[in-house]
Amino acid sequence: MRLRPDDDIYRAKLLFLGPKGFTLPVHLPYVAYPLFAVVLAVLIFGRWAVTQDVELFPAIEIALSIVLTSLILRQVSPDRPVRAVLRTAATDWRRDRSAEERGGRARSRIVVRETIR
């Protein structure tokens, strides 16, 4: 269960509700639009790099972009902007390796000399 914040600054979301007089059925934050465009461009470039072909209407890439954008925006809050979420994901991906890839684990140098009773 999510609790609504009692602070007005956190409750005020920057949402695009649609053109004047025509409200959209979904409420998307302004950051969703450029994030979607960047994710879509990365997926289209990735497919082009693998297949050397770009479709006229990239339906699969659009669907994957929608899913990835929604997964990223689930982690975004007023305290964690998109930049911090992406930086954390990149750091976790680069640093989280198995012991074999790191060359083994470092041994602990802690030596217990006395037992506390």
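As the structure is a computational prediction, the values presented were derived from the model and not from experiment.

**Student:** Is there a simple way to think about the overall build of the protein chain in this case?
**Tutor:** Regarding its fold elements, the protein chain presents five helices and two strands. Beginning at the N terminus, the succession of helices and strands in the protein chain can be written as α-β-β-α-α-α-α. Scored against the burial criterion, the 117 residues of the protein chain give a buried share of 11%. For the protein chain, long-range pairs separated by at least 24 residues make up 36% of all intrachain contacts whose partners lie at least 6 apart in sequence. A total of about 10900 Å² of accessible surface is found on the protein chain, and carbon and sulfur atoms cover 61% of it.

**Student:** How do you make sense of the UniProt feature "transmembrane region" (unreviewed entry) in the protein chain when you look at a structure like this?
**Tutor:** Residues annotated in UniProt with the feature "transmembrane region" (unreviewed entry) correspond here to residues 30-50. Helix makes up 90% of residues 30-50 and strand 0%, and the two end C-alpha atoms of the span are 31 Å apart.

**Student:** Help me understand a nonpolar patch on the surface in this model?
**Tutor:** Where nonpolar side chains cluster on the molecular surface, the patch consists of Leu14, Val26, Leu28, Tyr30 and Tyr33 and spans about 480 Å² of accessible area. Locating Tyr30 in the fold gives a position in the loop between β2 (28-29) and α2 (32-51). On the basis of relative accessible area, Tyr30 is assigned to the partly exposed category, the value being 45%.

**Student:** I would appreciate a short explanation of unusual backbone geometry in the present structure.
**Tutor:** Glycine aside, a negative phi is what most residues show, and trans is what most peptide bonds show. You will see that Gln52, though not glycine, has its phi angle at about 60°, which is positive. Mapped onto the fold, Gln52 is located in the loop between α2 and α3 (59-74).

**Student:** When you look at the nonpolar core in this model, what are you seeing that I'm missing?
**Tutor:** Side chains of a nonpolar character, in soluble globular proteins, are inclined to be buried together. Counting residues in hydrophobic clusters, the biggest one holds seven residues: Ala32, Leu35, Val39, Ile72, Leu73, Val82 and Val85. Secondary structure elements with two or more residues in this core: α2, α3 and α4 (82-95). At three residues, α2 tops the list of elements feeding residues into this core. The residues touching Val39, leaving out its near neighbours within four places in the chain, are Ser65, Leu68, Thr69 and Ile72.

**Student:** Looking at this structure, I do not really get the pattern of salt bridges. What am I missing?
**Tutor:** Opposite charge on two side chains makes pairing possible when the charged atoms of those side chains draw close. This model, assessed by the stated rule, comprises two salt bridges. Arg47 is the salt-bridge partner of Glu55, the closest N and O atoms lying 2.7 Å from each other. A relative accessible area of 37% places Glu55 in the partly exposed class. Residue Glu61 is joined to Arg47 by a salt bridge in which the shortest nitrogen-to-oxygen separation is 3.1 Å.

About the thresholds
Residues numbered from 1 in each chain as written. Predicted model: local features only at pLDDT ≥ 70, side-chain atom pairs only at ≥ 80, totals over all residues. Heavy atoms only, no water. Helix = DSSP H or I, 4+ residues; strand = E, 2+ residues; numbered from the N terminus. Buried < 20%, exposed > 50% of the residue type's maximum accessible area, 1.4 Å probe, protein only. Contact = heavy atoms within 4.5 Å. Areas by Shrake-Rupley, 256 points an atom, 1.4 Å probe, with all protein chains shown as cover. UniProt positions renumbered as here; feature names shortened; annotations may be inferred. Patch = residues over 30% accessible without salt bridge, like charges linked within 9 Å, V, L, I, M, F, W, Y side chains within 5 Å. Salt bridge = Lys/Arg side-chain N within 4 Å of Asp/Glu carboxyl O. Core = buried A, V, L, I, M, F, W, Y, C linked by side-chain atoms within 4.5 Å.

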